[in-house]
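Read off the chains here:
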Amino acid sequence: MKITAQMVKELREITGAGMLDCKKALEANEGNIEASIDWLREKGIAKAAKKADRVAAEGLTKIIVDGNSAIIVEINSETDFVAKNETFIELIDTVAQHLLKEKPANVEEALKTTIDGKSLEEFLAEATSTIGEKIDLRRFEIIEKTADDVFGAYSHMGGKIGVIVELKATADEAGAKDVAMHAAAMNPQFVTRDEVSKEFIEKERQIQMELTKNDPKTADKPEKVLVGIVEGKLNKQLKEIVLVDQVFVKNSDQTVGDFIKGMKATIGKVVRFGVGEGIEKNEVDFADEVMSQVNAK
């Protein structure tokens, strides 16, 4: 029986398995959808589909530096229990190495790349079946530098936070790592004030003005004085969220910008990933988490 693209699509929508696996299942079962579903379940491939609606908000980041190229990757699992598993740790290393070699532009493009004879999407679906939890490639970023620049890489808590810093016109890798460690600890929202949008500034200015007008200590001040107070508050806020303006964690007598200038360097790209940030997590009881792992075996 001829296996059509529509049949493959239908089976894929039902099971969540990869297209190649769906085609193999249909071929093995002469196009019978129900039998193909059972075939995929018996192979453990359809298991991934059952986990598609779960929240993968745990996991790890991985950083690889290779000459003038570097990559930081975040791959998520459902529980921290699995994120500590050796199989998962090897998986994220394999995927990071693969992406650094292939250099796709985004996650969508990355999932279409070929790894071990299958698409990365299928590779991760198989990992979901093997590991027993939903495994997601959430994001990655590849940075390229020149021979005159340096990367600083820092991984915190075994990969729960990862940072890559690019410093230009210096060979001081230790200094660049110090900046990466600072970014891991202080989580700046911007690298320089040039990155802060006018819309952000204006919104914060309005908020601070309302707060100042409603503060009994300043409510009766003239408008000109209020403006001065607001600008002072705004400047203080920017010093807290802009990397180069932050007080350096290793030396409170200087800012990060001062530290970089002392190296006679300038700052380039800074990428910080905190695992699961921005994802709405499901609250899972620890006992239930352990039992879910036992029942999955």
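Residues numbered from 1 in each chain as written. Predicted model: local features only at pLDDT ≥ 70, side-chain atom pairs only at ≥ 80, totals over all residues. Heavy atoms only, no water.

This part takes up the overall build of the protein chain. Looking only at helices and strands, one finds 13 helices and eight strands in the protein chain. For 297 residues, the compact-globule formula gives about 19 Å, and the C-alpha radius of gyration of the protein chain, at 25 Å, lies well above that figure. C-alpha atoms of the protein chain, sized along the principal axes, occupy 80 × 50 × 40 Å. Out of the 297 residues in the protein chain, the part that is buried amounts to 45%. When contacts within the protein chain are restricted to residue pairs at least 6 apart in sequence, those whose partners lie at least 24 apart make up 62%. Accessible surface, the protein chain as shown: approximately 16,500 Å² in total, 50% of it carbon and sulfur. (Helix = DSSP H or I, 4+ residues; strand = E, 2+ residues; numbered from the N terminus. Rg over C-alpha atoms; globule rule 2.2 N^0.38 Å. Buried < 20%, exposed > 50% of the residue type's maximum accessible area, 1.4 Å probe, protein only. Contact = heavy atoms within 4.5 Å. Areas by Shrake-Rupley, 256 points an atom, 1.4 Å probe, with all protein chains shown as cover.)

As a further point, take the sheet that holds strand S7 (residues 161-168). In space, the three strands of this open sheet follow the order S6-S7-S8, with antiparallel pairing throughout. Every interior strand has two partners, whereas the edge strands, strand S6 (150-156) and strand S8 (266-274), have only one. Each adjacent strand pair in this sheet contributes to an overall mean axis angle of 10 degrees, direction not counted. Packing of helix H9 (residues 173-186) onto the sheet brings it into contact with S6, S7 and S8, and relative to S6 it is tilted by some 40 degrees. (Pairing = 2+ DSSP bridges. Axes fitted to C-alpha atoms, helices over the stretch in contact; angles between N-to-C directions.)

Let us now look at the packing of aromatic side chains. Tallied over the entire structure, the rule returns two aromatic pairs. Judged by centre distance (5.3 Å) and plane angle (70 degrees), the ring pair of Phe 190 and Phe 200 falls under edge-to-face. Of the two residues, Phe 190 sits in the loop between H9 and helix H10 (198-213) while Phe 200 sits in helix H10, which places them 10 residues apart along the sequence. A residue is classified by how much of its surface remains accessible, and Phe 190, at 15% relative accessible area, is buried. Over the aromatic face of Phe 273 sits the side chain of Arg 139, whose NZ or CZ is 4.1 Å from the ring centroid. The ring of Phe 151 carries Lys 145 above its face, with NZ or CZ at 5.6 Å from the centroid. (Phe/Tyr/Trp six-rings, centres within 6.5 Å; stacked < 30°, edge-to-face > 60°. Lys NZ or Arg CZ within 6 Å of the ring centre and 35° of its normal.)

The next thing to look at is helix H3 (residues 33-42). Residues Ile 33, Ser 36, Ile 37 and Leu 40 constitute the buried set of H3. Buried residues in H3, looked at end-on, bunch into an arc of 105 degrees, giving them a common side. Residues of H3 that are exposed and point more than 90 degrees away from the buried face comprise Glu 34 and Glu 42. Turning to H3, the residues buried within the fold contact helix H1 (5-15) and helix H2 (19-28). Capping the start of H3 is the job of one residue whose side-chain oxygen sits 3.1 Å from the backbone nitrogen of Glu 34: Asn 32. (Arc of directions from axis to C-beta. Polar contact = N/O pair within 3.5 Å; in protein donor to acceptor, adjacent residues only side chain to side chain.)

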